[in-house]
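Listed here are the chains, written in short residue letters.
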Amino acid sequence: MSKPSDTDGSLRPDVLRDTLSVIPPAQSAKHRQTGRSSLEGTSSRRHRLTIGSVALLLFAVTTAAIGQVMLKHGMQIATSRAARPGGSLIMSAAFSPWVLSGLVVFGVSAIAWLSALARVPLSVAYPFNALGYLGILTASVLVLHERANVLTWAGSLLVVTGLIIVVLARP
């Protein structure tokens, strides 16, 4: 079987690939040996959504929602303390155990989220934040005694329905 020559005007696929690809010098030797870049497959490869990945995503979203509720509760207390004569909202918030704890919990959720992003494509991970809307809505009604109307609940359920569609679609 003969290889097409460069003189007949057609470019071989491997020559065209090497000409068009941008590969850092440290990776070019590996590229020549394997025929593919070490960057290949990181974003185009299909990722399986494992139970561990789902658990990590749910942990990140749940802790973020809990952190937000703690921050809101802490700020309600700080606002009432700042309303007193000589009170400062900044100082009340800075020394509020609820605000400080909420920041710590929110920080833990950020670390869990970064870990989840290392394992799952963003297009799959980000829709899980929809569960956070539902969790925060529920907690704001039950814990913070806020009011939510039917349209708010319906909209949140539609967002969660979108999450289910994204997860079942598996990119």
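Conventions and cut-offs
- Residues numbered from 1 in each chain as written.
- Predicted model: local features only at pLDDT ≥ 70, side-chain atom pairs only at ≥ 80, totals over all residues.
- Heavy atoms only, no water.
- Core = buried A, V, L, I, M, F, W, Y, C linked by side-chain atoms within 4.5 Å.
- Buried < 20%, exposed > 50% of the residue type's maximum accessible area, 1.4 Å probe, protein only.
- Helix = DSSP H or I, 4+ residues; strand = E, 2+ residues; numbered from the N terminus.
- Contact = heavy atoms within 4.5 Å.
- pLDDT = per-residue confidence, 0-100.
- 1 Å grid on protein atoms, 1.4 Å probe; cavity = no way out; pocket = protein on both sides within 12 Å on 5 of 7 lines; lining within 4 Å.
- Points joined across faces, edges and corners; volume = space filled by probe spheres on them.
- Nonpolar A, V, L, I, M, F, W, Y, C, P; charged D, E, K, R; others polar.
- Axes fitted to C-alpha atoms, helices over the stretch in contact; angles between N-to-C directions.
- Parallel < 35°, antiparallel > 145°, perpendicular 65-115°, else oblique.
- Left-handed = near helix turned anticlockwise from the far one by under 90°.

Draft legend 1. Summary view of the nonpolar core. Core analysis: the largest hydrophobic core is formed by 13 residues, its most contacted members being Leu57, Trp113, Val120, Ala125 and Phe128. Breaking this core down by element, the ones donating at least two residues are helix 3 (51-82), helix 5 (97-119) and helix 6 (122-125). Among the elements that make up this core, the one with the highest residue count is helix 3 (four residues). Not counting residues within four places of it along the chain, the set of residues in contact with Leu57 comprises Leu49, Trp113, Ala116, Val120, Ala125 and Phe128.

Draft legend 2. Representation of the confidence of the model for the chain in the model. Confidence along the chain averages 79 in pLDDT terms, with 71% of residues attaining 70 or more. Mean pLDDT across the elements of the chain ranges from a minimum in helix 1 (residues 13-20), with 43, to a maximum in helix 5, with 96. Long-range and interchain partners of residues 2-11, a stretch whose pLDDT sits below 50, account for five contacts in this model, where long-range means more than four residues apart. Across residues 36-44, where pLDDT falls below 50, the model places eight contacts with residues more than four positions away in sequence or in other chains.

Draft legend 3. Representation of the layout of surface pockets. The volume enclosed by the largest pocket comes to roughly 260 Å³. Along the wall of the largest pocket there are 13 residues; nearest its centre are Ala60, Val61, Ala64, Phe106 and Asn129. The dominant element in the lining of the largest pocket, judged by the number of residues it contributes, is helix 3, at five residues. Split into classes, the residues belonging to the lining of the largest pocket amount to nine nonpolar, four polar and no charged.

Draft legend 4. A look at unusual backbone geometry. Phi is positive for His145, which is not a glycine, with a value near 60 degrees. Summarising the element assignment, His145 is placed in the loop between helix 7 (129-142) and helix 8 (150-169). Given the relative accessible area of 66%, His145 is considered exposed.

Draft legend 5. Local environment of the environment of Leu56. Note that Leu56 resides in helix 3. We classify Leu56 as buried; its relative accessible area is 18%. Along the chain, Leu56 and Ala116 lie 60 residues apart, while their C-alpha atoms are 6.0 Å from each other. Sequence-distant contacts of Leu56, defined by excluding residues within four places in its chain, comprise Ala112, Ser115, Ala116 and Arg119.

Draft legend 6. A look at the packing of helix 3 against helix 5. Two numbers describe how helix 3 lies on helix 5: the axes approach to 7 Å, and their chain directions differ by 160 degrees. Taken together, helix 3 and helix 5 sit at an angle that is classed as roughly antiparallel. Handedness of the helix 3/helix 5 crossing: left-handed. Among the residues forming the contact of helix 3 with helix 5, the class breakdown is 20 nonpolar, ten polar and one charged.

Draft legend 7. Up close: the side chain of Ser92. For Ser92, the position within the fold is in helix 4 (residues 89-94). Overall, Ser92 belongs to the buried group, its relative accessible area being 12%. For Ser92, the residues in contact, after removing those within four places along its chain, are Ala78, Arg81 and Ala82.

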